[in-house]
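# Examining the three-dimensional arrangement
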Amino acid sequence: MFFADLTDTEKTLVENIGRIREYQKDDFIILEGDTGSCLYLLKSGKAHVRKKLENEKYICLLELEAGEMFGEMSFLALEIRSASVIAVDPCTVLAIERSDFQKLIDVNPVIGLKVYRSMAQEIAQRLNRNTEELKRAMLWALEEMRGLDRCVRP
């Protein structure tokens, strides 16, 4: 959880620099390819992170629930959104602008340490999940290729 290591006072300071936004079912919270520097915290509802494959085809990378963050890649460094985030049901999110967060942690560096550590842990967990999914996909593809190879040869 994004705020797990923060004290109540620190949570309030972070929430005070953010803006609450409401989204309805099927609304785009983030659109892949757009620019942005906000980090989002899902306060209520569910959302899907999805990546465009081709034409109108997408893959769901992650289902987000209340308490989870998203948009961290653009918040940290990249300004181009690498995936879309869509509300699965009505959602409330806290949007934290990078520049506002930087001002906060200039005065309260401990908050920055805790938040960035939380982000690093979440990114590492997601990377591990993605690595396992990639491994499974590669094994599946190899099996399919072997099967095709057997079908083609006399």
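Everything in this summary refers to the structure shown in the same document. (Residues numbered from 1 in each chain as written. Predicted model: local features only at pLDDT ≥ 70, side-chain atom pairs only at ≥ 80, totals over all residues. Heavy atoms only, no water.)

## A short note on the overall build of the protein
Each helix and strand in the protein was counted, giving four helices and eight strands. Beginning at the N terminus, the succession of helices and strands in the protein can be written as α-β-β-β-β-β-β-α-β-β-α-α. Considered along the principal axes of its C-alpha atoms, the protein spans approximately 70 × 30 × 25 Å. Residue burial in the protein is summarised as follows: out of 154 residues, 34% are buried. Relative to all contacts within the protein whose residues are 6 or more apart in sequence, the contacts with residues 24 or more apart total 73%. Summed over all atoms, the accessible surface of the protein reaches about 9700 Å², with 57% contributed by carbon and sulfur. Side chains of the protein give 22 positive and 26 negative charges; the mean places of these two sets differ by 3 Å. (Helix = DSSP H or I, 4+ residues; strand = E, 2+ residues; numbered from the N terminus. Buried < 20%, exposed > 50% of the residue type's maximum accessible area, 1.4 Å probe, protein only. Contact = heavy atoms within 4.5 Å. Areas by Shrake-Rupley, 256 points an atom, 1.4 Å probe, with all protein chains shown as cover. Lys, Arg positive; Asp, Glu negative; His and termini not counted. Charge placed at Lys NZ, Arg CZ, Asp CG, Glu CD.)

## A few points about helix α3 (residues 98-107)
Buried within α3 are the following residues: Phe101, Leu104 and Ile105. Down the axis of α3, the smallest arc covering the buried residues is 90 degrees, so these residues share one side. Relative to its buried face, α3 has exposed residues pointing more than 90 degrees away, namely Lys103, Asp106 and Val107. (Arc of directions from axis to C-beta.)

## Concerning the packing of helix α1 (residues 8-17) against α3
Interaxial distance between α1 and α3 falls to 9 Å at its minimum, and their mutual angle equals 145 degrees. In this structure, the crossing between α1 and α3 has a hand that is right-handed. Within the contact between the two elements, α1 uses Leu13, Val14 and Ile17 and α3 uses Asp100, Phe101 and Leu104. Classifying every residue of the contact of α1 with α3 gives five nonpolar, no polar and one charged. (Axes fitted to C-alpha atoms, helices over the stretch in contact; angles between N-to-C directions. Left-handed = near helix turned anticlockwise from the far one by under 90°. Nonpolar A, V, L, I, M, F, W, Y, C, P; charged D, E, K, R; others polar.)

## Concerning a nonpolar patch on the surface
On the surface, Leu53, Ile59 and Leu61 cluster together to form a nonpolar patch covering roughly 270 Å² of accessible area. Within the secondary structure layout, Leu53 lies in strand β4 (residues 46-54). Residue Leu53 is classed as exposed on the basis of its relative accessible area, which comes to 56%. (Patch = residues over 30% accessible without salt bridge, like charges linked within 9 Å, V, L, I, M, F, W, Y side chains within 5 Å. Salt bridge = Lys/Arg side-chain N within 4 Å of Asp/Glu carboxyl O.)

## Some points on the nonpolar core
Nonpolar side chains tend toward joint burial in soluble globular proteins. Formed by 17 residues in total, the largest nonpolar core has its most connected members in Ile29, Tyr40, Leu64, Phe70, Val85 and Val93. Counting residues per element, the ones that place at least two in this core are β2 (28-30), β3 (38-44), β4, β5 (57-65), β7 (84-87) and β8 (91-97). Here Val93 is in contact with Arg19, Ile20, Arg21, Tyr23, Ile29, Tyr40, Leu41, Leu42, Lys43 and Phe70, once residues within four sequence places are set aside. If you look at the next biggest cluster of nonpolar residues, it comprises 16 residues, including Met69, Leu104, Ile105 and Val115. (Core = buried A, V, L, I, M, F, W, Y, C linked by side-chain atoms within 4.5 Å.)

## With respect to the pairing of β3
Counting buried positions along β3 gives five out of seven residues, so the element sits mostly inside the fold. Examined bridge by bridge, β3 and β8 share six bridges and lie antiparallel to one another. Across the sheet, residue Leu39 finds its bridge partner in β8, namely Ile96. Here two bridges tie β3 to strand β6 (residues 69-70), and the two strands are oriented antiparallel to one another. From the neighbouring strand, Tyr40 faces β6, where its bridge partner is Phe70. (Pairing = 2+ DSSP bridges.)

## Some words on the pairing of β5
Bridge analysis of β4 against β5 gives eight bridges, and the strand direction is antiparallel. In the sheet register, Glu54 faces β5, and the bridge partner there is Lys57. Taking the residues between adjacent antiparallel strands as the criterion, β4 and β5 are bridged by two residues, where Asn55 takes a positive phi near 45 degrees.

## Side note on the sheet that holds β3
As summarised here, the arrangement of the four strands in space is β1-β8-β3-β6, forming an open sheet in which the pairing is antiparallel. Either end of the sheet is taken by a strand with one partner, and the two such strands are β1 (19-23) and β6. In the packing of α3 onto the sheet, the strands contacted are β1 and β8, and the crossing angle to β8 comes to about 65 degrees.

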